[in-house]
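Examination of the molecular architecture
Residue strings, one per chain:
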Amino acid sequence: MCIRDRYMGAINLKPNYHLLYANRSACHATLKQYEEAYYDAKKCIELKPDFARGYYRKAVAELSLERYGDAVVSFEEALKLDPENSQYQQGLEEAKKLADENMFGNYQEVMNKLSTDGIVRGYLKNEDFANKLKGSQGKPKVLFELMKTDPKFMRVIHILSGIPMEEITEAMKKSVGTEYVENVEQDERKIEEELKNATLAEEEKAKGNAEYSAKNFDKALLYYDTAIKHNPKEPIYYLNKASVFIEQKKFEEALNACEIALRVAEEISPRPLQKIAKVHAKKGNCYLQMKEFDNAIKAYDTSLLEVNDPAIKKKRNECAQLKKEQEEKAYINPELAEKHREEGNKYYRDGNYIEARKQYDEAIKRSPQSAVLYVNRALTWLKVLEHAKALQDIDHSLKIDPKYIKAYAKKGNIHLQLKEFHRALLAYEKGLELDGSNKECLEGLRRTEEEMYRTPPSEDRAQKAMQDEDVRLLMNDPRVAQMLKEMRENPQGVKASNPDPFLSKAIRTLIAAGILGMR
């Protein structure tokens, strides 16, 4: 139990003892739980208003919460009660210093206040102004000095301090002259005009978006063009036009609109990464519609360099897949596939299985929907004991042609080699459902039954078999569960035959899976 928790227990016993709250406030502060530290200090003062250390604890919490002005007041209250305390005096000096440095709040608070003013937002587009503002953080004197050399900071002081703009203007006229103030007034009128035009442009854009959604593309273009007239420095409006052109299959116009949007975006300071990323993504969309997959991928990659957007990454990957499919489709040639198959067969007969597989690989690329080719390649994998890869090819062959009997026979052979008798039975039986006289399946079925009945149960085989859903379902069947229970209670051995057809088949499957054995 930590010290804080012990104080909590003590407070439960003596809820009106002020010193416990002061001590727990100190614990909270050590654990950087400053809000809790603040409220415990307040409770301490409430219980004993003449306790200096309560105000000190409150001041410490307020400093950590960046409430510097409040901390100054709390330290002063503590010193009224204990004027000679050097710790309180040092705390007050630090609090006053921080309060002076942050008289307008921390950087984020300052930016939040300034962002409410459209004119200052316009000023912030100027990189020099933005850098000066950032450099003045925590230095109110620097901010006031900047006002003497850059009139735009008059408005900053007005917003942060609440001093009426008229008073600041008159003071600056007396300090640095009328012309200085007139220049900033002219700048503000220009910004106000830009803000007005930006508002009108957004209204036109909204109308254009409505027409775009209604698929009235010509009307949408008219509204987007009007938006550009009001505010030609906004790249998004050009992208809106590009979207219309893509819908109209006017891809060259769409790409031209994207290029204009990119030039406009590159002129903005600071560099608008999100908007530039959108421009390149729009180019990617256009190239995708044109089926120019290389250009589309390049555009998406450029967009991702600007902003790592998961949605664009997904589009880029989809585009790469389409490119791959297009290349594979263009590569298809059944006649050449047959030549490679014949070459593969020659190598296979000569025992050169690696070269045979290379020929089958090429044949599959030339004819990817040939079930025969996957079986041929599977046989080369079998020769080097790559059973998993062989099965993968067999399964792909059956996916292409579910009635390909030879594939079922080869699948059964592989499972038989692996002593996966239940799977071998299933493969041979599926083949025989298609052709009851198929010699390879009949012979495979016979050999499997012989092998499984003389092979003892195995825990490894049983665990592997339980990975099959059909075996798990069988084991969970109430009839099978009851049968197994009776076998355990009366172990007379397992009989392969059973008057119940379901249970007879279940016993056969469980023996094949290595779960049951014959006695």
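Residues numbered from 1 in each chain as written. Predicted model: local features only at pLDDT ≥ 70, side-chain atom pairs only at ≥ 80, totals over all residues. Heavy atoms only, no water.

**Notes on the overall build of the protein**
Helix and strand counts for the protein stand at 30 helices and zero strands. The principal-axis extent of the C-alpha atoms belonging to the protein is close to 110 × 75 × 45 Å. Burial statistics for the protein: of 519 residues in total, 42% are counted as buried. Considering only contacts within the protein whose residues lie at least 6 apart along the sequence, 52% involve residues at least 24 apart. Taken as a whole, the protein presents about 29900 Å² of accessible surface, with 50% of it coming from carbon and sulfur. Here the protein contributes 87 positively and 86 negatively charged side chains, and the mean placements of these two sets differ by 5 Å. (Helix = DSSP H or I, 4+ residues; strand = E, 2+ residues; numbered from the N terminus. Buried < 20%, exposed > 50% of the residue type's maximum accessible area, 1.4 Å probe, protein only. Contact = heavy atoms within 4.5 Å. Areas by Shrake-Rupley, 256 points an atom, 1.4 Å probe, with all protein chains shown as cover. Lys, Arg positive; Asp, Glu negative; His and termini not counted. Charge placed at Lys NZ, Arg CZ, Asp CG, Glu CD.)

**Thoughts on the environment of Lys-152**
Position of Lys-152 among the secondary structure elements: in the loop between helix H10 (140-149) and helix H11 (153-161). It is 77 Å that separates the C-alpha atoms of Lys-152 and His-387, two residues lying 235 residues apart in sequence.

**Observations concerning the nonpolar core**
Counting 36 residues, the largest nonpolar core has Leu-239, Val-244, Ala-254, Val-279, Cys-286 and Cys-319 as the members making the most contacts within it. Those elements giving two or more residues to this core turn out to be helix H14 (217-230), helix H15 (235-247), helix H16 (251-266), helix H17 (273-289), helix H18 (293-306) and helix H19 (310-331). With nine residues, H16 is the largest single contributor of residues to this core. When sequence neighbours within four positions are dropped, the list of residues in contact with Leu-239 reads Cys-258, Ala-261, Lys-278, Val-279 and Lys-282. Of all hydrophobic cores here, the second largest spans 20 residues; its members include Met-111, Leu-124, Leu-143 and Met-147. (Core = buried A, V, L, I, M, F, W, Y, C linked by side-chain atoms within 4.5 Å.)

**A short note on the pattern of salt bridges**
Under the definition given, this model contains 31 salt bridges. Ionic pairing is found between Arg-316 and Asp-301, a salt bridge with its closest N-O pair at 2.9 Å. Of the two residues, Arg-316 is situated in helix H19 and Asp-301 in helix H18; the sequence distance between them amounts to 15 residues. On the accessibility criterion, Arg-316 (23% relative accessible area) is partly exposed. (Salt bridge = Lys/Arg side-chain N within 4 Å of Asp/Glu carboxyl O.)

**Let's talk about the packing of helix H20 (residues 334-349) against helix H21 (residues 353-366)**
In contact at an axis separation of 8 Å, H20 and H21 are set at 165 degrees when each is read in the N-to-C sense. Here H21 runs roughly antiparallel to H20, going by the angle between their axes. Both H20 and H21 take part in a crossing whose hand is left-handed. Mapping the contact onto sequence places Pro-334, Leu-336, Ala-337, His-340, Arg-341, Glu-343, Gly-344, Asn-345, Tyr-347 and Tyr-348 in H20 and Tyr-353, Glu-355, Ala-356, Gln-359, Tyr-360, Glu-362, Ala-363 and Arg-366 in H21. (Axes fitted to C-alpha atoms, helices over the stretch in contact; angles between N-to-C directions. Parallel < 35°, antiparallel > 145°, perpendicular 65-115°, else oblique. Left-handed = near helix turned anticlockwise from the far one by under 90°.)

**Some words on the packing of helix H26 (residues 439-454) against helix H30 (residues 501-512)**
One can describe the packing of H26 onto H30 by two numbers: an axis separation of 9 Å at closest approach and a directional angle of 75 degrees. On the basis of the axis angle, H26 is roughly perpendicular to H30. Only Arg-508, Ile-511 and Ala-512 of H30 make contact with H26, whose side of the interface consists of Leu-445, Glu-449, Met-452 and Tyr-453. A per-class count over the contact of H26 with H30 returns five nonpolar, no polar and two charged. (Nonpolar A, V, L, I, M, F, W, Y, C, P; charged D, E, K, R; others polar.)

**A few points about the state of the cysteines**
Applying the stated criterion to the full structure yields zero disulfides. Here Cys-44 stays unpaired: no disulfide links it, and the sulfur of Cys-27, its closest cysteine neighbor, is 13 Å away. (Disulfide = S-S within 2.5 Å.)

**Let's talk about the packing of aromatic side chains**
Under the defined criterion, the tally for this structure stands at five aromatic pairs. Centre to centre, the rings of Tyr-56 and Phe-75 are 6.2 Å apart; their planes meet at 55 degrees, and the pair counts as tilted. Remark: Phe-75 occurs in helix H5 (residues 68-81) and Tyr-56 occurs in helix H4 (residues 52-64); sequence separation between them is 19 residues. The class for Tyr-56 is buried, based on a relative accessible area of 12%. You can call Phe-75 buried: its relative accessible area is 2%. An angle of 65 degrees between the planes, with centres 5.3 Å apart, marks the rings of Tyr-348 and Tyr-353 as edge-to-face. Given the relative accessible area of 23%, Tyr-348 is considered partly exposed. (Phe/Tyr/Trp six-rings, centres within 6.5 Å; stacked < 30°, edge-to-face > 60°.)

**Some remarks on unusual backbone geometry**
A negative phi holds for most residues other than glycine; trans holds for most peptide bonds. Although it is not a glycine, Lys-32 sits at a positive phi angle of roughly 60 degrees. You can see Lys-32 is positioned in the loop between helix H2 (18-30) and helix H3 (34-47). Despite not being glycine, Lys-291 has its phi angle at roughly 65 degrees, a positive value. If you trace the backbone, Lys-291 turns up in the loop between H17 and H18. By relative accessible area, which is 56% here, Lys-291 ends up exposed.

**Brief notes about H26**
Here H26 contains 16 residues, and its C-alpha end-to-end distance of 23 Å stays within 8% of the 22 Å for a straight helix at 1.5 Å per residue. Those residues of H26 that sit buried are Cys-441, Gly-444, Leu-445, Thr-448 and Met-452. For H26, the angular spread of the buried residues around the axis is 100 degrees, confining them to a single face. Structural note: H26 exposes Lys-439 and Arg-454 on the side pointing more than 90 degrees away from its buried face. Its buried side turned inward, H26 meets helix H24 (405-417), helix H25 (421-434) and H30. Capping of H26 at its N-terminal end is provided by Asn-438; its side-chain oxygen lies 3.2 Å from the backbone amide nitrogen of Glu-440. (Expected span 1.5 Å × (residues − 1). Arc of directions from axis to C-beta. Polar contact = N/O pair within 3.5 Å; in protein donor to acceptor, adjacent residues only side chain to side chain.)

**Section: the environment of Asn-209**
Structurally, Asn-209 is set in helix H13 (residues 178-213). Judged by its relative accessible area of 28%, Asn-209 falls in the partly exposed class.

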